[in-house]
Amino acid sequence: MKYYGLLFIFLTLFSCKEVPEKEKQVELKKLNFEQFKTYLNKNEDKTFVINFWATWCAPCVKELPYFEEITKTYSKKDVEVILVSLDFPNKVESNLIPFIKKNNLQSEVLLLDAPNENEWIPKVDSTWSGAIPATVIYNKNKRLFYEQSFTKEELFTELNQFIKH
Amino acid sequence: MKKHANKFLFLTVLSLIYAFSTVNVTTPPIEDNTGYKVGDIATDFSLKNIDDKMVSLADYDEAKGFIVIFTCNHCPYSIAYEDRIIALDKKYADKGYPVIAINPNDPAVQKQDSFDLMKVRAKEKGFTFPYLFDEGQKIHPQYGATRTPHVFLLQKETEGLRVKYIGAIDDSSRNPSAVKTKYVENAVDALLANKTIEQNQTKAIGCSIKTVK
């Protein structure tokens, strides 16, 4: 009985210790615009889907599962989704990281911590007002910019134009 | 474990509150088609202030102009700018350019932007300027405001109130400590010095204005 008691204590200790460690596994790259720019112009044999969003933006959160579905549907060799968060830098710990954990996001999430919006927003696309959600889909041959929300069907229809059949 | 579950539930509820309270619906880019351009004459208005009195720009005999800012209670960008808006009023009201804040949102769409909650927010933050309610959402389309916050700097001239600057308050909405260029301050300083405003138009970064479609 004594050993069972010890075993119980060990198990309790281990199970308590493991949970917070597991929780800490969210890697979030914080980039300024210079660092982020390379994601907009990768010369690779695949299609990139770059979605600008934030946890406080309800239409963004609504369409996020469709982008996740792209990640789950396609091999990373063919299509890569990058979720670019425009959350406020002081809300990263309180909102963004918990959101990523809760929803178990599989696509890569970046925090774009870029001041001087009037300079970098037109560099993403000259027509962009800065409103989110906004999405860029591109590959070597084609690039389109969308300042809109998507339904799942709309998003996959747009993506299909970029994929070799 | 139960404690963890509770914490998770709390975070879930918190993020849900965030998600639903701060809708940023995309609107088509209409900035170029309607509303004022720099150089146009802007309309005056009579809108209800948080003290329940009506305010018109014509009430300000001694003003040289106005820093009209469309802003609201709920939008994270508006909240991020509150202290900077108060600072603008403190710096420029005495020099003849007071801030006039207008909430353009329809509370039927965004209930946090109700007139009663405007009073609460203004009191919490100690607003030093009028915070007016665009009842019926009639004034902001005339100005062509599409975002909160969205600034229209007006100068009193013999023909009326001329629009001198349209856009953002400064170049770093989300991070006040990273501001490099203060667009509105530069514009008002230029007017006060009788100089040309170098940058008289910028993109206003913020939430879309919430109205019934």
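Here the structure is a predicted model, which is why all the values come from computation and not from measurement.

1. Re the overall build of chain B
The secondary structure content of chain B amounts to five helices and ten strands. Relative to its full complement of 213 residues, chain B shows a buried share of 43%.

2. Description of the overall build of chain A
Within chain A, the secondary structure is distributed over six helices and six strands. Counting all 165 residues of chain A, 35% fall into the buried class. Nonlocal contacts in chain A, meaning residues at least 24 apart in sequence, comprise 70% of its contacts between residues at least 6 apart.

3. Observations regarding the sheet that holds strand β2 (residues 47-53) of chain A
All names here are of chain A. One open sheet accounts for six strands, arranged β1-β4-β3-β2-β5-β6; its pairing is mixed. If you trace the sheet from one side to the other, it starts and ends with β1 (29-31) and β6 (143-146), each paired once. For this sheet, the mean angle separating the axes of adjacent strands, direction not counted, is 20°. As paired strands, β2 and strand β5 (residues 134-138) are joined by five bridges and run antiparallel to one another. Each residue of the ladder has a partner; that of Asn 51, found in β5, is Thr 135.

4. Quick look at the pairing of strand β9 (residues 160-167) of chain B
Residues and elements named next belong to chain B. Across the eight residues of β9, six count as buried, placing the element largely inside the fold. One ladder, built from two bridges, connects strand β1 (residues 41-42) with β9; its direction is antiparallel. Across the sheet, Ala 42 pairs through a bridge with Leu 161, a residue of β9. In this sheet, β9 lies alongside strand β8 (residues 150-157) in antiparallel orientation, the contact comprising seven bridges. Counted as the bridge partner of Leu 154 is Val 163 from β9.

5. Focus on the sheet that holds β9 of chain B
Residue and element names in this part refer to chain B. The strand order β1-β9-β8-β4-β5-β6-β2-β3 describes an open sheet built from eight strands, whose pairing is mixed. Strand pairing shows two members of the sheet lacking a second neighbour, β1 and β3 (54-55), which therefore form its edges. Pairing geometry for strand β2 (residues 47-49) and β3, over two bridges, is antiparallel. Bridge pairing in β3 links Leu 47 to Val 55.

6. Quick look at unusual backbone geometry
Peptide bonds are trans in most cases, and residues, glycine excluded, mostly fall at negative phi. Here the amide bond leading from Ile 132 of chain A into Pro 133 of chain A is cis, since omega sits at 5°, within 30 degrees of zero. Tracing the sequence through the fold places Pro 133 of chain A in the loop between α5 (117-124) and β5. Looking along the chain, the bond that leaves Thr 148 of chain B and enters Pro 149 of chain B is cis, with omega of -5°. Looking at where Pro 149 of chain B falls in the secondary structure, it is placed in the loop between β7 (147-148) and β8. Phi is positive for Asp 52 of chain B, close to 70°, though the residue is something other than glycine. With respect to the helices and strands, Asp 52 of chain B occurs in the loop between β2 and β3.

7. Looking at the nonpolar core
Among the nonpolar cores identified, the biggest contains 50 residues, and Ile 67, Ala 101, Val 151, Phe 152, Leu 153 and Val 184 of chain B are the most heavily contacted of them. No other element matches the six residues that helix α2 (residues 76-92) of chain B contributes to this core. With near-sequence residues (within four places) excluded, Val 151 of chain B lies in contact with Ile 67, Ile 69, Tyr 165, Ile 166, Gly 167, Ala 168, Ile 169, Val 184 and Ala 204 of chain B. Ile 50, Val 61, Ala 134 and Phe 150 of chain A belong to the second largest nonpolar core, which has 38 residues in total.

8. Some remarks on helix α4 (residues 92-103) of chain A
The set of residues buried in α4 of chain A consists of Asn 95, Leu 96, Ile 97, Pro 98 and Phe 99 of chain A. A positive phi of about 50° marks Asn 104 of chain A, the residue just after α4 of chain A.

9. With respect to the confidence of the model for chain B
Predicted confidence across chain B gives a mean pLDDT of 88, with 85% of residues reaching 70 or more. Taken over the whole predicted complex, pTM reads 0.80, whereas the ipTM for its chain interfaces reads 0.72.

10. Side note on the environment of Lys 77 of chain A
Summarising the element assignment, Lys 77 of chain A is placed in the loop between α3 (58-73) and β3 (79-85). Each C-alpha atom, one on Lys 77 of chain A and one on Asp 45 of chain A, is 7.9 Å from the other, the two residues being 32 residues apart in sequence.

11. With respect to the environment of Thr 34 of chain B
Residues and elements named next belong to chain B. With respect to the helices and strands, the residue Thr 34 is situated in the loop between α1 (2-21) and β1. The class of Thr 34 is exposed, set by 11 C-beta atoms lying within 10 Å. Excluding anything up to four places from it in sequence, Thr 34 contacts Pro 141 and Gly 144.

12. Digging into the pairing of β6 of chain A
Residue and element names in this part refer to chain A. For β5 and β6, the ladder comprises four bridges, and the chain directions are antiparallel. In the strand pairing of β6, Tyr 138 is matched with Arg 143. Between β5 and β6, which pair antiparallel and follow one another directly, the connecting turn spans four residues.

13. A few points about the confidence of the model for chain A
Confidence along chain A averages 88 in pLDDT terms, with 84% of residues attaining 70 or more. Low pLDDT (under 50) marks residues 16-22 of chain A, which in the prediction has one contact with non-local residues, meaning those over four places away or in another chain.

The rules behind each value
- Here the residue numbering is sequential within each chain, running from 1 through the sequence in written order.
- To read the labels, note that chains go from A and ligands from 1, taken in the order they are written.
- Only residues with pLDDT of 70 or above have their local features reported here, since the model is predicted, and side-chain atom pairs are shown and tallied only from 80 upward, although totals for entire chains, interfaces and linings are computed over all residues.
- Numbered from the N terminus, helices here are DSSP runs of H or I no shorter than four residues, and strands are runs of E no shorter than two.
- Remark: C-beta atoms are placed from the backbone, and a residue is labelled buried if 20 or more other C-beta atoms sit within 10 Å of its own, exposed if 12 or fewer do, or partly exposed between those counts.
- In this description, any two residues whose backbone-derived C-beta atoms lie within 7 Å of each other are considered to be in contact.
- Think of it this way: DSSP has to see at least two bridges between two strands before they count as a pair.
- Axis definition: a line fit to C-alpha positions, over the contact stretch in the case of helices; interaxial angles, taken between N-to-C directions, run 0 to 180 degrees.
- By convention the nonpolar core is taken to be a set of buried residues drawn from Ala, Val, Leu, Ile, Met, Phe, Trp, Tyr and Cys and joined through C-beta atoms within 7 Å.
- As a per-residue measure, pLDDT tells how confident the predictor is, with possible values from 0 to 100.

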